[in-house]
Amino acid sequence: MAVIGAGPAGFYTAYRVLSKLANAKVDMYESLPVPYGLVRFGVAPDHPEVKNCQDKFNQVAQDPRFTYIGNTPIGTSWPHPPHRSLPLAVLGPHYDALLLSYGASKDRKLAIPGEDTLAGVHSARAFVGWYNGLPEYRHLKLDLHLAEEATVIGQGNVALDVARMLLSRPGDLGTTDITEYAIEELRRSRVRRVRVVGRRGLLQAAFTVKELRELLSLQGVGFHPVHAPLLPEDPGSFPRAQKRIMQVLQKGPKTKLTDAEKLWELCFLRSPKAFIPSASGSARIGAIEFEKNRLEEPMFSPNSSAIGTGETEMLPTNLAFRSIGYLSERIPGFEDLGIPFNEKRGLVPNEDGRVVKPLDPKAGDPVIPVPGIYASGWVKRGPTGVIASTMYDAFDTGDRIVSDWTGGEVEFMRFGGEEKKFGWEAVRHEVSSRGMKSISWAQWMKIDEAEKERGKRFGKEREKFTSEEEMLAVLE
Ligand code: FAD
Ligand code: NAP
C-alpha cells in the first residue's frame, strides 16, 4: 500500500494495517523532508504533551515492512515545481492500494474586500505555520510592532491557539519548540488586546473548555466579560461541554482586569463584511466592518443559525487573522485514477474510508468503490477533529482495508495486471530520474538529531530547520 501524507491519519492507518496483515508492506510518501504533519506544523508549541503521539509513529517506522519516503510530494505542482513532484499516476501500477491521508493544505477564505490586499490581514494557517517553522511561511511578514489591537475571526480551537500565542509572554514560550525567529518577533509585539469574533453565540462556539481555560489562566492577561444577554439564566439543561464552558467563564480569568497588561474578549453575533484600510491612507488594515447577527430560535441550541440583521458596526484593529477552518484540495491526477473529489466539502467521498464514486456520474446514488483507493484523516471527513478522533477514524479505515483485502470481494488496483507489485523498489527510479532527492527514515533521524542539537543552545527541546535546503544540508 502507498500512503500519501505522513500525518497522524497516515501513521495510524499504516499501524492498523501492519498489525492485522502479516504480509502487508507500506510505503509512506510525504511532501516535506520531515514527518508528522500538523503534529509538527499545527499543534501549538506550548502543547508538548500532544506531540507524544510521535512515539507511536516512530514505533510504526521501525517495522521492517514500513518505508518512509520524505521530500516526495505526490501530484502537487504548488509550492513544488512540476519536476519536484511525483505524478499520482506513477504510483498506480506499483501498488495494490493507495491511502489518501494528505490532510488539508489550504484554508477557507471569507471572500470579502481587503482580505488579499491589505497588510496585516493573515490566515491563521499562515500564522500557525510561521511560529511552527513550516517552510511555506517562514518569511511571513507580521510586523507585530505595528499592531496594538488584533482580531481573530472564527471561534474554533485554532482561533484560541492564535489568541494565546499573541497574548502569552514570549519568555514563557522560550523552552518550547517554537522557532527562534517567532520568539524574537513576539518580543517586539505591541499587541495588547485580542478579540475573538464569532458569527453565532457562546453556545454555538466551536472551541473546547480546555483551550478556554488555558487562555483564562495566562499570566497578566485579563478577560472582558461576556455580554450578559448571551448567557442563559439556567445552563443546567445544556450538553456537558457547554455547561463546563459556562462554569469556566463564570469563574473568570486568573488576572483581574485592573492588574492586566493585556486583554482579550469573545465577541459574538458578528459576520465580517470588509477589511477596511487605516485612516492614514496606508495599505494596512485599520478596521473590520461587521454585520450584526441574531440567532434563530431557540437561541440556546448548539445548532442555532445566525441571521444577518442588516445593521453594521466598525471595529478598529491593526491586525486580523481569518480562522474559519482549513481546506483540503484534490491532488492533480485524481481523474487518471478515477478518484472523485467533493469540492464543496473539501473531501474525498468515501464510505468508512473506502473511496466511492457514483455508478452514474449524473446521479448521486448508488455509489461504487474505486478499486484500491482509501481515505483517512482530514481528507476523509473534512478539516475537523483532534488527534484522538483522527486515530479512531484511521483505525476504521485500516479495518476496512484489511477486511476488503481478506474478504476478497472488493477489487484492488489492477493497473499493472495481476502480477506482484514492487512498490517503492519500482518507484524509486522514477523519483531519482526526476532529480528528486527522497529522504529515508534514517535520514530524518539525522535531521531530528541535528535539530535537537541546535535546540541545546537555546535551552529548548529542538530548534527546527525551517527550509527544505537547511534540512537536506544536514545530510551532506
Ligand atoms: P495532517 O496532520 O495535515 O497530515 C497530512 C500530511 O500530508 C502532512 O504531513 C502533509 O505535508 C502531507 N501532504 C500533503 N499533501 C501531500 C502530497 N501531495 N504528497 C505527499 N504528502 C502530502 N489536535 C489535538 O489533539 N491537539 C491539539 O493541540 C491540536 N492542535 C491543532 C492545532 C492546529 C493549528 C491544527 C490545524 C490542528 C490541531 N489539532 C490538534 C488537530 C490535529 O492536528 C489533526 O486532527 C490531525 O493532524 C489531522 O491529521 P491528518 O493526518 O489528516 O492531516
Ligand atoms: P473549527 O473548529 O471548525 O472552527 C471554525 C470556526 O470558524 C467556527 O467558529 C465557525 O463558526 C467559524 N466560521 C466558519 N466559516 C465562517 C465564516 N464564513 N464567517 C465567520 N466564521 C466562520 O475549525 P478550527 O478552529 O480550524 O479547528 C479544526 C480542528 O482542529 C477542530 O476539530 C479543533 O478542535 C482541532 N484543534 C484542536 C486543538 C486542541 O485540541 N488544542 C487546537 C487547534 C485545533 P460556525 O460554527 O458558525 O460555522
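Criteria and thresholds
Numbers given for residues are sequential positions, taken from 1 along each chain in its written order. Note on labels: chains are lettered from A, ligands numbered from 1, in written order. In keeping with the model being predicted, local features are shown solely for residues with a pLDDT of at least 70 and side-chain atom pairs are shown and tallied solely at 80 or more, while totals for entire chains, interfaces and linings include all residues. The basis for the side-chain values is all heavy atoms of the structure; hydrogens and waters are excluded. Strands here mean DSSP runs of E at least two residues long; helices mean DSSP runs of H or I at least four residues long; both are numbered from the N terminus. Only the C-alpha atoms count toward the radius of gyration. The rule for a globule is 2.2 Å times the residue count to the power 0.38. Relative accessible area decides the class of each residue, using a 1.4 Å probe on protein chains only: under 20% of the type maximum gives buried, over 50% gives exposed, and in between gives partly exposed. Note on ring pairs: Phe, Tyr and Trp rings are taken, using the six-membered ring of Trp, and paired if centres are within 6.5 Å. Classes follow the plane angle, with under 30 degrees stacked, over 60 edge-to-face and the rest tilted. Should the NZ of a Lys or the CZ of an Arg lie within 6 Å of a ring centre and within 35 degrees of the ring normal, that charge is described as sitting over the ring. The contact criterion used is simple: two residues touch if any of their non-hydrogen atoms lie within 4.5 Å. Fitted lines through C-alpha atoms give the axes, limited to the stretch in contact for helices. The angle between two N-to-C directions lies from 0 to 180 degrees. Just so you know how the angles are binned, under 35 degrees is roughly parallel, over 145 roughly antiparallel, 65 to 115 roughly perpendicular, and the rest oblique. UniProt positions are given in the numbering used here, feature names are shortened, and annotations may be inferred rather than shown by experiment. By this definition, two strands are paired if DSSP reports at least two bridges between them. Here a crossing is called left-handed whenever its near helix is offset anticlockwise from the far helix by less than a right angle, and right-handed whenever the offset is clockwise. Each residue gets one of three labels, nonpolar for Ala, Val, Leu, Ile, Met, Phe, Trp, Tyr, Cys and Pro, charged for Asp, Glu, Lys and Arg, and polar for the others, Gly among them.

Asks: Account for the overall build of the protein chain, with residues named and values stated.
Replies: The helix and strand tally for the protein chain stands at 15 helices and 18 strands. Computed over the C-alpha atoms, the radius of gyration of the protein chain is 24 Å, within 12% of the 23 Å expected from 2.2 N^0.38 for a compact globule of 476 residues. Reported as C-alpha extents along the three principal axes, the dimensions of the protein chain are approximately 70 × 55 × 45 Å. Here the protein chain holds 476 residues, and 54% of them are scored as buried.

Asks: Give a detailed account of the packing of aromatic side chains, specifying residues and quantitative values.
Replies: If you walk through the whole model with that rule in mind, you get 24 aromatic pairs. With a centroid separation of 5.9 Å and an interplanar angle of 80°, the aromatic rings of Tyr-326 and Trp-378 are classed as edge-to-face. One end of the pair, Tyr-326, is in strand β15 (residues 326-327); the other, Trp-378, is in helix α11 (residues 378-381), and 52 residues separate them in sequence. A relative accessible area of 17% means that Trp-378 is categorised as buried. When the ring of Phe-334 is compared with that of Phe-341, the centres are 6.2 Å apart and the planes differ by 55°; the resulting orientation is tilted. Judged by its relative accessible area of 0%, Phe-334 is buried. Overall, the relative accessible area of 9% leaves Phe-341 in the buried class. Ring pairing ties together the aromatic residues Phe-11, Tyr-12, Tyr-15, Tyr-36, Phe-57, Phe-66, Tyr-68, Phe-395, Trp-441 and Trp-444, which thus form one cluster. Just above the ring of Phe-395 sits the side chain of Arg-16; from NZ or CZ to the centre is 4.5 Å. It is Lys-420 that lies over the ring of Phe-422; its NZ or CZ is 5.3 Å from the centre.

Asks: Give a description of the environment of Arg-400 that names residues and reports values.
Replies: Note that Arg-400 resides in helix α12 (residues 387-407). Looking at Arg-400, the relative accessible area reads 23%, which means it is partly exposed. Considered as a pair, Arg-400 and Ser-19 are 381 residues apart in the sequence and their alpha carbons are 14 Å apart. Sequence-distant contacts of Arg-400, defined by excluding residues within four places in its chain, comprise Glu-351, Asp-352, Arg-354 and Tyr-374.

Asks: Residues and numbers for the packing of helix α9 (residues 209-216) against helix α10 (residues 240-251), please.
Replies: The N-to-C vectors of α9 and α10 enclose an angle of 10°; their axes lie 10 Å apart at closest approach. Taken together, α9 and α10 sit at an angle that is classed as roughly parallel. Facing Val-209, Leu-212, Arg-213 and Leu-216 of α9, the residues of α10 in contact are Arg-244, Ile-245, Val-248 and Leu-249.

Asks: I'd like a description of helix α8 (residues 180-188), backed by residues and values.
Replies: For α8, the complete set of buried residues consists of Glu-180, Ala-182, Ile-183, Glu-185 and Leu-186. Contacts from the buried residues of α8 go to α5 (124-131), α6 (157-167) and α7 (170-173).

Asks: Give a detailed account of the UniProt feature "binding site: FAD" (unreviewed entry) in the protein chain, specifying residues and quantitative values.
Replies: Feature annotation in UniProt places "binding site: FAD" (unreviewed entry) on Ala-9, Glu-30, Leu-38, Ile-74, Trp-378, Gly-385, Val-386 and Ile-387, given in this structure's numbering. In sequence the annotated residues extend across 379 residues, and in space they extend as well, their farthest C-alpha pair lying 24.9 Å apart. Here Leu-38 is to be found in helix α2 (residues 38-41). For Leu-38, a relative accessible area of 32% puts it in the partly exposed group. Excluding anything up to four places from it in sequence, Leu-38 contacts Val-43, Tyr-326 and Trp-378. As for its position among the elements, Gly-385 is in the loop between α11 and α12. A relative accessible area of 35% means that Gly-385 is categorised as partly exposed. If sequence neighbours within four positions are ignored, Gly-385 has contacts with Trp-378 and Thr-390.

Asks: With reference to specific residues and values, describe the sheet that holds strand β4 (residues 98-100).
Replies: Spatially, the seven strands line up as an open sheet ordered β3-β2-β1-β4-β18-β17-β16, and their pairing is mixed. The sheet terminates laterally at β3 (66-69) and β16 (350-351), the two strands that pair on one side only. Sheet topology places β16 next to strand β17 (residues 354-358); two bridges connect them, and they run antiparallel. Following the sheet pairing, Glu-351 is matched in β17 by Arg-354. Across the face of the sheet, α12 comes into contact with β4, β16, β17 and β18 (367-375) while running at roughly 110° to β18.

Asks: Break down the packing of α5 against α6 for me, with residues and values.
Replies: Relative to each other, α5 and α6 sit at 50°, their axes nearing to 10 Å. With respect to their mutual orientation, α5 and α6 come out oblique. Here α5 and α6 pass one another in a crossing that is left-handed. Facing Ala-124, Phe-127, Val-128 and Tyr-131 of α5, the residues of α6 in contact are Val-158, Asp-161, Val-162, Met-165 and Leu-166. Partitioned by chemical class, the residues of the contact of α5 with α6 number eight nonpolar, no polar and one charged.

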